[in-house]
2 protein chains.
Amino acid sequence: MNDKLNELKKLTTEIYDLRMCNALLEWDQQVNMPAAGSAARAAQMSLLSRSAHELATSDRMGQLLEDLKPLYVELPPDSDDYCLLRNVYRDYERERKVPVEYVSEFTQTTGEAFAAWDRAKAENDFASFKPLLGKIFDMRRQYAGFFAPYDHIYDPLLDDFEPGMKTADVLAVFKTLRDEQVKLLHDIGVRPQVDDSCLNCHCGDEGQWALCREAVKLIGYDLNRGRIDKAEHPFTTNFCRDDVRITTHIYEDNVMSAVFSSLHEGGHAIYEQGVAKELDRIPIGTGASLAIHESQSRLWENLVGRSLEFLGCFYPRIQQQFPRRFGSVPLNDFYRAVNRVEPSLIRVEADEATYNLHIMLRMELEIAMLEQKITVDDLPEIWREKMHEYLGVTPMNDTQGVLQDVHWAGGMIGYFPTYALGNLISAQVWEKAAEDLPELNAQIARGELTPLREWLTEKLYRHGAKYYPSELVRMITGGGIDPRPYLNYLNRKYRAIYA
Amino acid sequence: MNDKLNELKKLTTEIYDLRMCNALLEWDQQVNMPAAGSAARAAQMSLLSRSAHELATSDRMGQLLEDLKPLYVELPPDSDDYCLLRNVYRDYERERKVPVEYVSEFTQTTGEAFAAWDRAKAENDFASFKPLLGKIFDMRRQYAGFFAPYDHIYDPLLDDFEPGMKTADVLAVFKTLRDEQVKLLHDIGVRPQVDDSCLNCHCGDEGQWALCREAVKLIGYDLNRGRIDKAEHPFTTNFCRDDVRITTHIYEDNVMSAVFSSLHEGGHAIYEQGVAKELDRIPIGTGASLAIHESQSRLWENLVGRSLEFLGCFYPRIQQQFPRRFGSVPLNDFYRAVNRVEPSLIRVEADEATYNLHIMLRMELEIAMLEQKITVDDLPEIWREKMHEYLGVTPMNDTQGVLQDVHWAGGMIGYFPTYALGNLISAQVWEKAAEDLPELNAQIARGELTPLREWLTEKLYRHGAKYYPSELVRMITGGGIDPRPYLNYLNRKYRAIYA
């Protein structure tokens, strides 16, 4: 039986490594590749991902999993081996349910849709994108069908990104969240706006670059096991736990964009760097889910990075780097500026107090589409209505509205809620950390981020994907996903800023 | 039959793409990867190369090749399809002759030998490296045995790098070469040495970097289909004909090292960029052999780059970049300085007039080892003797002697002659180019490199690996590999400089 288990581990490592090779090809595409190389690169990436899929669904894999069933039922449920097997059983069964022809047609469709979306967004031409978008929703409905019966048609899609998560639970949490966030926004709206004009200044590339490096080093991103590069869109990727890379994008007229985005990616990265060595290069040797990952990027970006304590320690370095810009701006003004709340049209530019509302809007539309309560023709109008209802702003065109995100074109339906869930979990984890580390705020103010990082590593990072997201949340907080801590955090912080 | 041919093309493209993925992993390892990532990277590279090997020797491949035999014998011998099939038959038969266990043991052995060599070289400790080096030569003798019968035990090894090349032919050519190069060196040795002190000055990284870019752009390396990075050891790699990358290493106290090395790698790169589009991503869509490749790197580095004509055009840019260093150094002094001849111990630092002698020494030792006329114990002493005989210098220790090159540790026996053959071919090709382009020297002096590059593309680059090296040489020059043109070039150039 141990031979079989070792063979399975070897096989899963091969699959993992193939996927990590692909991750490197993608990193290179975004960081280094001359544009002329893109056709060959697409073919190479598709080859590697097909190879990984073939191995993962191979008869050899099926036989090994069959043979290992007697062992599986006897293993302790918190052992690495049990969790690995659980993960592989799950993925194998899920992948086998989806016909190869479907995968290939879906890949083809999203490839075309990406190009169509890109053009449609640039030209504010939703009509030209509509047929492909309709097809993608149809195909995702078909996909859900492979997993029938289900409680909710959205469940199988959500489950791809958040193993074990149920739509009903997410909707219940979001209900509370929406009402309270809309209320908070309304209360802020009647107060005088925060002045953030100090941020609208030209800051050189090199100085920003230095600040980004300092910021991620400060929170404990290990550059000996990673690197930072520039890319059009910031992202984090890893090829093993000892090679976890982040990218950033520097805007010369917006100094804090790159710094906060580096803290965000740095948060993702220290999670991956903190996975236990024993789990490296097997399927459970990576972050547990998108929401759990996002909880860590948001924790380091927002709960740490945008706090008065952290800025008390880091802002002097910004002033030192750009003395003419910030030398005479007091810390408190700067803190208020980087925490300005302003309902806006674009999700990726949204602040903490409005971000989740963008997410809920998208999830509601996705569900309505899947349930066929609306059609693709209705999307632009409902988008505008909901934006006005939740955020009080209305897009002038579809480029600023329904066309703004790449996710639907990429077929990633069920992805959006993970962003908001990440926010909620970040606050839940934070509350627990603050309980266990009574000096937390004082430590942050002194630039001592090690105790927090070590606490997170012990409670969360080292486990990788051994546990499902809800199990992890329960292990850390004793309960389920709960919007209360995040709402408390938002209310406390923003009512003070807008007092 | 056409279906079978298309299936074969698809399969060879997959194999090619897998190898190119591996090339990217290796490029990244040398350019970007944090050292901590090396263990996972080695495993990932070994996985991809195993996958490629499995596909290349698969029963599916065997069956396709069998089925295609009737077509093969009917195709015109200069058609792309014929040449592709010939290449694939050849590789398939060669790879099938080598047992999988041998490949795996050899990979393991060279892996260990590389580490042992690295340490032995640093510590001048040949004794510790000897057992593994002995094993590598034993294993290469065993490897040659898989291809018995052969005319010469060195033939199967040479054939890995130079398809179709025979040891007897190489030895005949080298005989003439050695005698005449030793004589030239002797004649130069009695003349006053050239003063190259102008090169020993500090030149900043940024200025050198700019010159490297200018130099490769000038010879026609297309940066829209490539890029230059810094690496410990300069190299060229490609992932398709539209993504061909070079690296360079800048030494602040030796301004011309990076520039000439960039011209060298740039030569390799424009060869790959010039392969016909129809051949992209199939096995014949790359350079024909190591010697043919080296002929092009050496042609652009030496016959172009170190010529008075090219420097007449490029030296002003160097002066402009470093006015304090070179502003008052006349062109002719600079030309003589970068063409100084000095017998030295280290191959990679050798000048044009001595380089081939380093190569011949190595090839003679390799053959003597394979023929068991000497043992690994004899290597250091024979190395010293031959260095004294050919170059008049004697290494003080093994680090400067038998331990200096990585090739043997990597198992690459049969590789060295390709460097010298490259030099010879470069001059043969050059003679033909000069016949066809009567304005060649005047064009170079004006910085017009396009006519030469286009001529080379037409005669050589576009063919990729359709033809064997000797076929290409015959197509271009009408004859076989001939040392005369290179000797004429050396004698003319260096007897003038040392007049």
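1. Observations regarding the packing of helix α3 (residues 59–67) of chain A against helix α5 (residues 80–97) of chain A
Residues and elements named next belong to chain A. Close contact between α3 and α5 brings their axes to 11 Å; oriented N to C, the two are set at 135°. One way to sum up the angle between α3 and α5 is to call them oblique. Crossing handedness for the pair α3 and α5: left-handed. Facing α3, whose interface residues are M61, G62 and L65, α5 presents V88, Y89 and Y92. Partitioned by chemical class, the residues of the contact of α3 with α5 number five nonpolar, one polar and no charged.

2. Points about the confidence of the model for chain A
Here chain A averages 96 in pLDDT, and 100% of its residues register 70 or above. Interface confidence in the predicted complex, given as ipTM, is 0.91; pTM for the same model is 0.92.

3. Observations concerning the relation of the copies chain A and chain B
Copy one and copy two of the chain differ by a rotation about a common axis and a shift along it. Each copy of the sequence occupies a distinct position, and chain A is placed on chain B by a rotation of 180° and an axial shift of 0.0 Å, giving an RMSD of 0.0 Å. Such a turn and shift between the copies fits a two-fold axis. Most of the interface of chain A is mirrored in chain B: 100% of its interface residues are interface residues there too.

4. Focus: the sheet that holds strand β1 (residues 226–230) of chain B
Residue and element names in this part refer to chain B. Strand order in the open sheet made by the three strands is β1-β3-β2, with mixed pairing throughout. Each of the sheet's edge strands pairs with one partner strand only, and the pair in question is β1 and β2 (236–240). Averaged over neighbouring strand pairs, the angle between their axes works out to 20° when direction is ignored. In this sheet, strand β3 (residues 243–248) lies alongside β2 in antiparallel orientation, the contact comprising four bridges. Bridge pairing in β3 links N238 to V244.

5. Notes on helix α7 (residues 126–146) of chain B
Residues and elements named next belong to chain B. Relative to the 30 Å expected for 21 residues at 1.5 Å per residue, α7 spans 30 Å between its end C-alpha atoms, a close match to the ideal helical length. A bend of about 25° at L132 is the largest found in α7. Listing the buried residues of α7 in full gives F126, F129, L132, L133, I136, F137, R140, Y143 and A144. Elements that come into contact with the buried residues of α7 comprise α6 (100–123), α8 (155–161), α16 (352–370) and α17 (379–391).

About the thresholds
Residues numbered from 1 in each chain as written. Chains lettered and ligands numbered in written order. Predicted model: local features only at pLDDT ≥ 70, side-chain atom pairs only at ≥ 80, totals over all residues. Axes fitted to C-alpha atoms, helices over the stretch in contact; angles between N-to-C directions. Helix = DSSP H or I, 4+ residues; strand = E, 2+ residues; numbered from the N terminus. Parallel < 35°, antiparallel > 145°, perpendicular 65-115°, else oblique. Left-handed = near helix turned anticlockwise from the far one by under 90°. Contact = placed C-beta atoms within 7 Å. Nonpolar A, V, L, I, M, F, W, Y, C, P; charged D, E, K, R; others polar. pLDDT = per-residue confidence, 0-100. Least-squares fit on C-alpha atoms with pLDDT ≥ 70 in both. Pairing = 2+ DSSP bridges. Expected span 1.5 Å × (residues − 1). Bend = angle between axes of the 7 residues up to and from the residue. Buried ≥ 20, exposed ≤ 12 C-beta atoms within 10 Å, placed from the backbone.

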